[in-house]
Amino acid sequence: MSKRNFSYLFFTRRDRQLSAARAQVAAFSPDAISGTQIPALKPEISNPKSRISALKSRIPNLNTQYPIIKSRPFVYFVSVLLFMVFFTSCSSTKKLKPGEVLYTGATINLNPDTPAVKSQKDFKSQLEEKVRPGPNKKLLGWRYKLFFYNLVSEPKKQKGFKYWVKYKLGEPPVLMSQVKLQNNVNIMTSYLASKGFLQASGSGDTLIEGKMGKAFYQVYSGPRYTLNTISFPRDSNAEIAGLIRNVQNKTLLKEGNYYDLDVFKAERERIDVQLKENGYFYFNPDYLLIQADSTIGDQKVDINLKIKDNAPRAALQPYFIRNINIYPDYSLRRDSVTRSSEPVQFKDFTIYDPNHKYKPRLFEHLIFFQKGDRYNRTDHSLSLNRLVNIGTFRFVKAEFNPMDTATSNNMDVDFLLTSSKKNAMSLSVTGTSKSNNFIGSEIKVTHTNKNTFRGAEQFNLSLSGGFEKQFSGQQKNLTSYSLGAEAKLLFPRIILPIFNFKTHNAYVPKTHITIGSQLLNRANYYTLLSGKGEFGYLWKGNEFNEHQLNPISISYIRTANTTDSFNRMLEKVPTLKNNFENQFIIGTNYTYTYSNQMKTEARNNFLFMGAVESAGNLVNAFIPKDEDGKKRLFQTITNQFVRLEADFRDYYKIKPGLIWANRFNVGYGIPYGNSSVLPYIRQFFAGGSNDIRAFRSRSLGPGSFYFNTDSLDFFADQGGDVKVMLNTELRAKLFSIIQGAVFIDAGNIWLAKNDTSRPGGQFRLGGVLSETAVGGGVGLRVDASIFVVRFDLAMPFRKPWLPPGQRWVFDQIRFSDPEWRKKNLIFNIGIGYPF
């Protein structure tokens, strides 16, 4: 059969709805042609291509009825794909040595001819995970790692490109000789026994065909045992037995529950924690014995918990704190402490600090032990966590030393602390590339002093500078630049408290004082000068939530050096003019953050950020109105508004290497009193690499309003008072540090009040869905652990400025049209994930 006939035959066989006659036509069979009503071809047409053309001309409706037949590139693609799968399947065993058999996996039959047990599907999945070894990894049936392993010869050195391909991208073949059937059977039955199937049994066998082999296991669980009675110790150490019985109502062992060794271990650890809280420093979960009697019948087990007879005496007595010694100058390199001849005694602490690096009262807020206290695990953990979280010490250790007497149950505790370098300098360089042809970079230099006033105060001074330059487009060679400076002083305690903070936890509450300024020059538009000052508090209630309250927040914005083109823009859109007046923002703000992302073992992680800001209320109460009805401080408008924002993020792990990430972001700003619009630096924007990626940065909205982005007068920053945004993204690890993504973004911004210069921009609850922009695309990410470089290519699916009924633009997609690609394909480069 010729190659051209093969492609059409393959496709004909695939479509079972075609008749036999049409199948023969597709294969160009002369016999089929003569048996139909299609006029015969002229004898002189012998060239194959001419015959095909002539045949098609005599079947005018064939391509209409079966349009996919003419998709020759698609046919070739499928043919090549099948050929590759067949080729790689053969090549996976081609390089095996004589006698070697490739292991292709295992099949486990759980209770094949006996009744199924509850949750049998889950138990089978657990058993499949315990079988070793695992076969070579596959993708759509293709053993891609084995393919890369066989692709290159054995490298001479354990480095270089060949070594990377063979052992990083690839993996060696898993052979049947590596499979130990009885070991796997023992592991599976042991696991089932630990889950209460005390009569579990199994067997294994293999099946070899050619150079490929597979393992088969038959496992029988038997009945699952349950707990009958639970007894706690009574005849051992009286105090310990009493402590265990006092908290037996919190036991994890419940009558009627399934027998489960993991629960037994957790119960021993629960009791150990309780004893540690009551001074039993040397107690260990292994000193607890759980006896199970399964001979009572009816698939039930009696449980008896007791303390082992051979438990050491030190584990059976509580300990008390005698001396608390602190060594802030401990050297890891010398593994030694410096004992000053004149240590400082501060309350219950003896501090050996010959260089007087720290004020003694610092440790009062960090160490929770006091002399005479009974040891407890909570104060131990809180002290270590606070010493670590304060950020001044790079090594923290607590040593407990019992008295050298057989009868004493007192102990000294030594806190060994290694200080970080007092001064540090950091440099960060970031690059940006925007869809409006601007490319730029920013450099930020930060100096940090970690012990400014000898009380672990941290002082940060940052200087930054950046630029953006447009290398193509109508505004080619235009450049914008920014310069900034910020100073922040953090105190590891609360200064001037305005309410009581809960301080008995692992995290040190902090007070911050921040001042900063920035100069922003927007090419061909304006120069923006801004300054800010804040005083506030940062604290954590626990490991999941964080609070930041700034009772005093002051910002000053001044616009200078406006160009004629920018002034014309302000005349066209008067609300923009209000944004760029010289102004004060004086108010209070609060931010709450909840996140469980540190629980990496969890299948679903969640983050919530909520912020509220109020400005102008207090200060405007003391300022009289001017002749124009506005209130001004030092001849400058004082803004008055309330701004709310919430950000919900969810990360669901479908399976290892595949995450479904979602974000819902909503914001609402209400200007009132002295303000008609939100100040520019407090407005919401839509579009850009971390937002709705199918639209240019800050170019979307408000509402159905549209400004011609191709105009020389276009001002990209289209801000609003209301924002609603939804993002969903599927992230998959492809190989090594390369990840892929498919995403859809939707949302827009709106104005809180009507603006005649921007018709269609006012927020209406009933118009949110009809004025929502939608876009999507694909992304590629390079995740190098310490940073992520992101490339996203997106295009719009819905344009809210088009007339109703015409806003979905799927029918306008023209990938082959360069003009369409120029206007609709948006390429974003970013650092880090978009959310």
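Residues numbered from 1 in each chain as written. Predicted model: local features only at pLDDT ≥ 70, side-chain atom pairs only at ≥ 80, totals over all residues. Heavy atoms only, no water.

(A) The overall build of the protein chain, seen in detail. Regarding its fold elements, the protein chain presents 17 helices and 29 strands. When each of the 835 residues of the protein chain is scored for burial, the buried share is 42%. With an accessible surface of roughly 44,900 Å², the protein chain has 55% of that area assigned to carbon and sulfur atoms. (Helix = DSSP H or I, 4+ residues; strand = E, 2+ residues; numbered from the N terminus. Buried < 20%, exposed > 50% of the residue type's maximum accessible area, 1.4 Å probe, protein only. Areas by Shrake-Rupley, 256 points an atom, 1.4 Å probe, with all protein chains shown as cover.)

(B) Structural view of a nonpolar patch on the surface. The grouping of Y652, I654, W660, L730, V742, V778, L793 and F827 at the surface amounts to a nonpolar patch, some 670 Å² of accessible area in total. In this structure, Y652 sits in strand 23 (residues 641–655). For Y652, a relative accessible area of 30% translates into the label partly exposed. (Patch = residues over 30% accessible without salt bridge, like charges linked within 9 Å, V, L, I, M, F, W, Y side chains within 5 Å. Salt bridge = Lys/Arg side-chain N within 4 Å of Asp/Glu carboxyl O.)

(C) Structural context of the side chain of D745. Structurally, D745 can be placed in strand 26 (residues 738–750). Exposure remark for D745: the relative accessible area of 0% places this residue in the buried category. At 2.9 Å, the side chain of D745 forms a polar contact with the side chain of R693. Here the side chain of D745 touches N727 through a polar contact of 2.8 Å, side chain to side chain. (Polar contact = N/O pair within 3.5 Å; in protein donor to acceptor, adjacent residues only side chain to side chain.)

(D) How the structure looks around the packing of helix 8 (residues 144–151) against helix 9 (residues 161–169). As a packed pair, helix 8 and helix 9 sit with axes 7 Å apart at the nearest point and diverge in direction by 155°. As far as their axial angle goes, helix 9 and helix 8 are roughly antiparallel. Here helix 8 and helix 9 pass one another in a crossing that is left-handed. Where helix 8 approaches helix 9, its residues K145, F148 and Y149 are matched on the opposing element by V165, K166, Y167, K168 and L169. Grouping the constituent residues of the contact of helix 8 with helix 9 by class yields five nonpolar, no polar and three charged. (Axes fitted to C-alpha atoms, helices over the stretch in contact; angles between N-to-C directions. Parallel < 35°, antiparallel > 145°, perpendicular 65-115°, else oblique. Left-handed = near helix turned anticlockwise from the far one by under 90°. Contact = heavy atoms within 4.5 Å. Nonpolar A, V, L, I, M, F, W, Y, C, P; charged D, E, K, R; others polar.)

(E) Spotlight on the nonpolar core. Within the largest apolar cluster, 26 residues are counted, with the highest numbers of intra-cluster contacts made by F363, F400 and F415. Secondary-structure elements contributing two or more residues to this core are strand 7 (320–327), strand 9 (349–351), strand 10 (393–402) and strand 11 (410–419). With near-sequence residues (within four places) excluded, F400 lies in contact with F281, Y282, I321, F369, Y375, H380, M411, D412 and V413. (Core = buried A, V, L, I, M, F, W, Y, C linked by side-chain atoms within 4.5 Å.)

(F) Fine view of the environment of F363. Mapped onto the elements of the fold, F363 is located in the loop between strand 9 and helix 13 (377–389). In this structure F363 comes out as buried when scored by relative accessible area, which is 1%. Each C-alpha atom, one on F363 and one on S383, is 9.5 Å from the other, the two residues being 20 residues apart in sequence. Contacts of F363, omitting those with residues within four sequence positions, involve I326, P328, F349, I351, Y358, F393 and L417.

(G) Just the pairing of strand 27 (residues 773–783), in detail. Of the pairings in the sheet, the one linking strand 26 to strand 27 comprises ten bridges and is antiparallel in character. The partner of V742 across the bridge, within strand 27, is V778. With ten bridges joining them, strand 27 and strand 28 (residues 788–798) adopt antiparallel strand pairing. Paired with G776 across the strands is M795, a residue of strand 28. (Pairing = 2+ DSSP bridges.)

(H) The pairing of strand 7, seen in detail. For strand 7 and strand 11, the ladder comprises six bridges, and the chain directions are parallel. In the strand pairing of strand 11, Y327 is matched with L416. One ladder, built from three bridges, connects strand 7 with strand 9; its direction is parallel. Its bridge partner being in strand 9, I326 is matched across the sheet by I351.

(I) Representation of the packing of aromatic side chains. A complete count under the given rule lists 37 aromatic pairs for this structure. Over the aromatic face of Y149 sits the side chain of K166, whose NZ or CZ is 3.8 Å from the ring centroid. For the cation-ring pair, R224 lies above Y258, with the distance from its terminal atom to the ring centre recorded as 3.9 Å. (Phe/Tyr/Trp six-rings, centres within 6.5 Å; stacked < 30°, edge-to-face > 60°. Lys NZ or Arg CZ within 6 Å of the ring centre and 35° of its normal.)

(J) Fine view of unusual backbone geometry. Between R132 and P133 the backbone carries a cis peptide bond, its omega angle lying at -5°. Its location among the elements puts P133 in the loop between helix 7 (120–130) and helix 8. Backbone torsion omega between G701 and P702 reads 0°, so that peptide bond is classified as cis. By the secondary structure assignment, P702 is in the loop between strand 24 (658–671) and strand 25 (722–735). Unusually for a residue other than glycine, D298 sits at a positive phi of about 60°. Mapped onto the elements, D298 comes out in the loop between strand 5 (288–293) and strand 6 (300–307). Owing to a relative accessible area of 60%, D298 belongs among the exposed residues under this scheme. One non-glycine residue, F634, lies in positive phi territory at about 55°.

(K) Examining the packing of helix 7 against helix 10 (residues 181–194) more closely. Two numbers describe how helix 7 lies on helix 10: the axes approach to 10 Å, and their chain directions differ by 140°. Where helix 7 crosses over helix 10, the handedness of that crossing is right-handed. Side by side, helix 7 and helix 10 meet where F123, Q126, L127 and K130 of the first sit next to N184, I187, M188, Y191 and L192 of the second.

(L) Spotlight on the sheet that holds strand 7. Taking strand neighbours across the sheet as the criterion, the five strands line up as 8-9-7-11-10 in an open arrangement whose pairing is mixed. Looking at strand neighbours, the two that pair on one side only are strand 8 (344–346) and strand 10, the edges of this open sheet. Sheet twist, expressed as the mean angle between neighbouring strand axes with direction ignored, is 20°. With three bridges connecting them, strand 8 and strand 9 associate as antiparallel partners. Bridge pairing in strand 9 places V344 opposite I351. The sheet strands contacting helix 13 are strand 10 and strand 11, and the helix crosses strand 10 at an angle near 155°.

(M) Highlighting the pattern of salt bridges. Considering all chains together, one arrives at 28 salt bridges under this definition. A salt bridge links E364 to K347, with the nearest nitrogen and oxygen atoms 2.4 Å apart. Taken together, the positions of E364 in the loop between strand 9 and helix 13 and K347 in the loop between strand 8 and strand 9 put the pair 17 residues apart, joining distant regions of the chain. Of the charged contacts, one joins D691 and K723 as a salt bridge, the two residues approaching to 2.6 Å between their closest N and O atoms. Placement of the pair is D691 in the loop between strand 24 and strand 25 and K723 in strand 25, with a sequence separation of 32 residues. Here the two residues D691 and K723 agree in accessibility, since each one is buried.

(N) Highlighting the sheet that holds strand 6. What the three strands build is an open sheet, ordered 4-6-5; its pairing is mixed. Unpaired on one side and paired on the other, strand 4 (226–231) and strand 5 mark the two borders of the sheet. Between one strand axis and the next, the sheet turns by 25° as a mean value, whatever way the strands run. Alignment of strand 5 against strand 6, held across six bridges, turns out to be antiparallel. The partner of A292 across the bridge, within strand 6, is I303. Running at roughly 145° to strand 5, helix 12 (residues 261–276) makes contact with strand 4, strand 5 and strand 6 of the sheet.

(O) Quick look at helix 13. A rise of 1.5 Å per residue sets the reference length of helix 13, with its 13 residues, at 18 Å; its end C-alpha atoms lie 18 Å apart and thus fit the reference within 8%. Taken as a whole, helix 13 has its buried residues at D379, H380, L382, S383, R386 and L387. Measuring from the side-chain oxygen of the N-cap residue of helix 13 to the backbone nitrogen of T378 gives 3.2 Å; that N-cap residue is N376. (Expected span 1.5 Å × (residues − 1).)

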